[in-house]
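# What the coordinates show
If you want the building blocks of each chain, they are given just below.
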Amino acid sequence: MASILDEYEDSLSRSASLQQSRANVGIPHSGYVNARLEKETPVFNKQRIDFTPPEKINSLVVSCNQLCMSLGRDTLFRIDLGKADEPNQVELGRKDEARVYKMFLDHTGSHLVIALNTSECLYLNRSAQKVRTLSRWKGHLIESVGWNKFLGSETNTGPILVGTAQGQIYEAEISVSEGSLFSTNPDQYFRLVYSLEEEAGPTQVCCLEIERGLDGKCFIIATTRKRLFQFVGKVPEGTEQQGFGFVFGMHADHLPSFREFPASFGYSEIAFYTPKLRSSPRSFAWMMGNGVLYGTLDYGRPDSILSDERVWEYPSDVDMAANKPISIVLTQFHFLLLLPDRVKAVCTLNGQVVFQDLFLEKFGSLKRMIKDPTVGQIWIHTEKVVFRYHVQRESRDVWKMYMNINKFDLAKEYCKDRPECLDIVLAREAEHSFQNKRYLDSAKCYALTQNYFEEIALKFIEAKQEEALMEFLLKKLASLKSSEKTQTTLLTTWLTELYLNRLGALEGDTSKRNLYDETREKFCSFLSSPRNKECLFNNRASIYELLASHGDTEHMVYFSVIMQDYERVVAHHCQHDDYDEALNVLTRHRDEKLFYKFSPVLIQHIPKKVVDAWISMGTKLDARKLIPALVNYSQSGSTQQISEAIRYMEFCVCELEETEQAIHNYLLSLYALCRPDSLLSYLEQAGTNPNRIHYDLKYALRLCAEHGHHRACVHVYKVMELYEEAVDLALQVDVDLAKSCADLPEEDEELRKKLWLKIARHVVQEEKDVKKAMACLSSCNLLKIEDVLPFFPDFVTIDHFKEAICNSLEDYNRHIEELKREMEEATQSAKRIREDIQEMRNKYGSVEPQEKCAACDFPLLNRPFYLFLCGHMFHYDCLFQAVFPNLPAYKQAKLEDLQKKLGATSQPSKAHHRPKDTDATSLGKGQQSREQIKADIDDIVAAECVYCGELMIRSIDKPFIDPQKYEEERQSWL
């Protein structure tokens, strides 16, 4: 451990110098370099639209990528921003001095309401080219329109709300599908539903917004110059098309809930932010006299949809008289204020101005700012120019805002894809937690940062926060890569030391027992963690040293089990005389090597349990390797100890059917020592076949002789077929045992007789029992009275042998009679044979002229032939061809030799000059020799019928077609 701490101190000094060098070159503590290769695009990127209006721009609205501008007094300019090169111009067709006061475009970009300063209203549908008058709206100066986003379509607005300059709220509906030749007005109805007032009386309805909440609830927000009203009501199911009269009717007798602020600059405006993929706004910003009321919308609240409200005051350069805000637009994290000559963007998180854009005087005074709720683009216009703002990566610096107000979770959420920023947030959160004495939380955050490891570790050490330090090290260890082996080893060893120190400090304090148990559980979890397994295994020697230095045997055993170092575990139990637990470990993990190592110790103390464990292991253990343990154990001489050894050896022999000679020899030695009865029964069960006996016969013989087990020795002699020795030893034990041995050599009558003579001599000379000797004669038919008589003493009278002699004479007589009978039978048999031979000489067969050869099917009488008793007839040459291939090689050679000799005898003599009598003599000798040769050929060729004899039986497995000629035969058939 000392070497590890030295290494750690060295690393601290190295890191300090490295830190100084980094500081000199400006490398941040986070370890990331915040270098930007090119200038980053601003969040609000302004673009001037390449458009020069022919007349002054009075009003501009944008929705769903549809832009509408009012130019001059009588022109309406429409552009589909998806097809900007195809603008559309519509004339209002007014002959009077009426001018456009305001325009309102719905969320689909389909319905355009044009309010005139003469308290008249016009309507233009997206698909129409002609403006239509809303006659029912006449007489009201329209300030705001609340569109129905839930029931509106391209041809029908559904029920909508209309706010007037006199504080009245009307419900109306516009439809272009209801018109006909007789009714051309698009407005379906226009009825009053509510009137808004302030302290001074009726006031204009600046803004209207309709939203739907949970369970069919309807929320309507209406603003005046100083007040923000909320109308909440549940529209009955199925009555949505009937409008909002039910919602307003609930507030007929009392004012709805509202927010009021004292200051006013004559108007107000509310803006909403709707995230992508959502249909309802999430936040709002109300621009009024005292500042901007910002908050979120909570649709689950019963009475008010507004939540988390706060008022952000206007920047200091905003003058309520000459430089007051004109319009407001809300984005995800900012609200933009339109002033007469500039745009200011204020962060909704901290109220700070983060962006300001000043417009040149040549463009004229800024008139209006509006946001396309669908696309998110922001539009600003003067009387001469139109500008557009693109909002790009608005959340890029939001993390800083959240971090500065200590909302670290949100800060991390907005920089999770920017590791350098995330590191800064984590470092700030860690420092904040440390300063607030939340050390564990601080450690968790520090572990995720790129801050200097040494700084953080020393910080917790100086604060004496060992638990937080351990948490930091654990988290840091979990974040290391598998390739960082040195760091992993350092942290793992350090943590082990810290755990052991903490456990040692808590162990003696009874008041902190729960904390001790919790720490011990964490330490065990740390040691058994799969992530740390490789490191712990590679450095297990160091861990063992640490555990030993603290005297923590409990965790040493636990760690040994985790490392599967069961040898150490078992050795520990044995050293503490806990032999049962040691055996339990062996039995549980079933490691045969450990059994071999620790069995000599365990069997000395718990022999029965050890043998039971051996038996449970079955064939997994090699019994030969356990014999040394058994030998040492059984040398103590206790009967019980030897009984356990015999029990396991019997299990190996009987249950496992072991055939190893060493095992059988050891079992024999145990039997010979303690169980002689079992010894003989074991030998008898082993049998008498030497090839199937697994013990050493010579060893068994010597063992039985040393212990005086004569019967066992006799059995071994019998197995070894040493019958003379077996009989000699058996005569010392029991004559009957000797008799059983004497009958064993059944095929060797001479030996049997010799053995029985030994028994007879022993009976006569040692036991001097004549009757018993006579019984021996009756037991063995090989012994005669004359064989036994020499053993008797001379004084024995013949009366003792009278019966035996008579029986012997009778046997001789019977034998002579049997020989006579056999001779007569032999004579008769020879006579019958001579008669049969004579009869065979006179036997003949008849052959008809039409008979054919059984082999070639040609007439038989054309050539020399053979006739067999079975009736088959063959030409000589046909029979020769059939027989010759199947004859043995030596007969084939003999037959070829006879054929050559026969051919030589058939040639006429060329010695014509010889005397006539010499020729006759030679002819006679040649004729006799020729007949003999033909007889020899007949004996070979015609020994049996080729179809009925053994030749046909032997050729049963011969193929019909010679394999060597098969291909030739097959081709002949094609």
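This report concerns the structure included in the present document. In this text, all values refer to a predicted model and were calculated from it rather than measured experimentally.

## Quick notes on the sheet that holds strand β20 (residues 269-273)
A sheet is described by the order of its strands in space; here 4 strands give the open sequence β20-β21-β22-β23, paired in antiparallel fashion. The open sheet is flanked by β20 and β23 (306-312), the only strands paired with a single partner. Between one strand axis and the next, the sheet turns by 20 degrees as a mean value, whatever way the strands run. Bridging between strand β21 (residues 283-288) and strand β22 (residues 291-297) involves 6 bridges; their strand directions are antiparallel. Bridge pairing in β22 links phenylalanine 284 to glycine 295.

## Comments concerning the side chain of glutamine 230
For glutamine 230, the position within the fold is in strand β18 (residues 227-234). Judged by relative accessible area, glutamine 230 falls into the buried class, the value being 3%. For glutamine 230, the side chain forms a polar contact with the main-chain nitrogen of isoleucine 305, separated by 2.8 Å. Among residues more than four places away in sequence, those in contact with glutamine 230 are Ile220, Pro256, Ser257, Arg259, Ser304, Ile305 and Leu306.

## Focus on the side chain of asparagine 125
Of note, asparagine 125 is situated in strand β8 (residues 121-125). Classification of asparagine 125 as buried rests on a relative accessible area of 5%. A polar atom in the side chain of asparagine 125 sits 2.8 Å from the side chain of serine 127.

## So, the pairing of strand β28 (residues 368-371)
In terms of strand pairing, β28 meets strand β29 (residues 378-381) through 4 bridges, oriented antiparallel. By the bridge assignment, arginine 368 is partnered in β29 with histidine 381. Hairpin connection, β28 to β29: the antiparallel pair is bridged by 6 residues, and glycine 376 has positive phi, about 95 degrees.

## A look at the environment of methionine 873
Within the fold, methionine 873 resides in strand β32 (residues 873-875). C-alpha of methionine 873 to C-alpha of lysine 852: the two residues are 21 residues apart in sequence and 7.5 Å apart in space.

## Remarks on helix α15 (residues 579-589)
Every buried residue of α15 is listed here: Tyr579, Ala582, Leu583, Val585 and Leu586. Mapping the buried residues of α15 onto a view down its axis gives an arc of 155 degrees, with all of them on the same face. On its buried face, α15 is in contact with α14 (566-575), α16 (592-602) and α17 (607-617). Once α15 finishes, arginine 590 follows within two positions and takes phi at roughly 50 degrees, a positive value.

## Side note on the pattern of salt bridges
A complete count under the given rule lists 32 salt bridges for this structure. A salt bridge links arginine 418 to glutamate 420; the nearest nitrogen and oxygen atoms lie 3.9 Å apart. Glutamate 431 is the partner of lysine 459 in a salt bridge, and the nearest nitrogen-oxygen pair spans 2.4 Å. Note that lysine 459 is positioned in helix α7 (residues 453-462) and glutamate 431 in helix α5 (residues 419-435), a separation of 28 residues in sequence. Among the ionic contacts, a cluster of salt bridges with common partners joins Asp317, Asp341, Arg342 and Lys344.

Conventions we followed
- Residues numbered from 1 in each chain as written.
- Predicted model: local features only at pLDDT ≥ 70, side-chain atom pairs only at ≥ 80, totals over all residues.
- Heavy atoms only, no water.
- Pairing = 2+ DSSP bridges.
- Helix = DSSP H or I, 4+ residues; strand = E, 2+ residues; numbered from the N terminus.
- Axes fitted to C-alpha atoms, helices over the stretch in contact; angles between N-to-C directions.
- Buried < 20%, exposed > 50% of the residue type's maximum accessible area, 1.4 Å probe, protein only.
- Polar contact = N/O pair within 3.5 Å; in protein donor to acceptor, adjacent residues only side chain to side chain.
- Contact = heavy atoms within 4.5 Å.
- Arc of directions from axis to C-beta.
- Salt bridge = Lys/Arg side-chain N within 4 Å of Asp/Glu carboxyl O.

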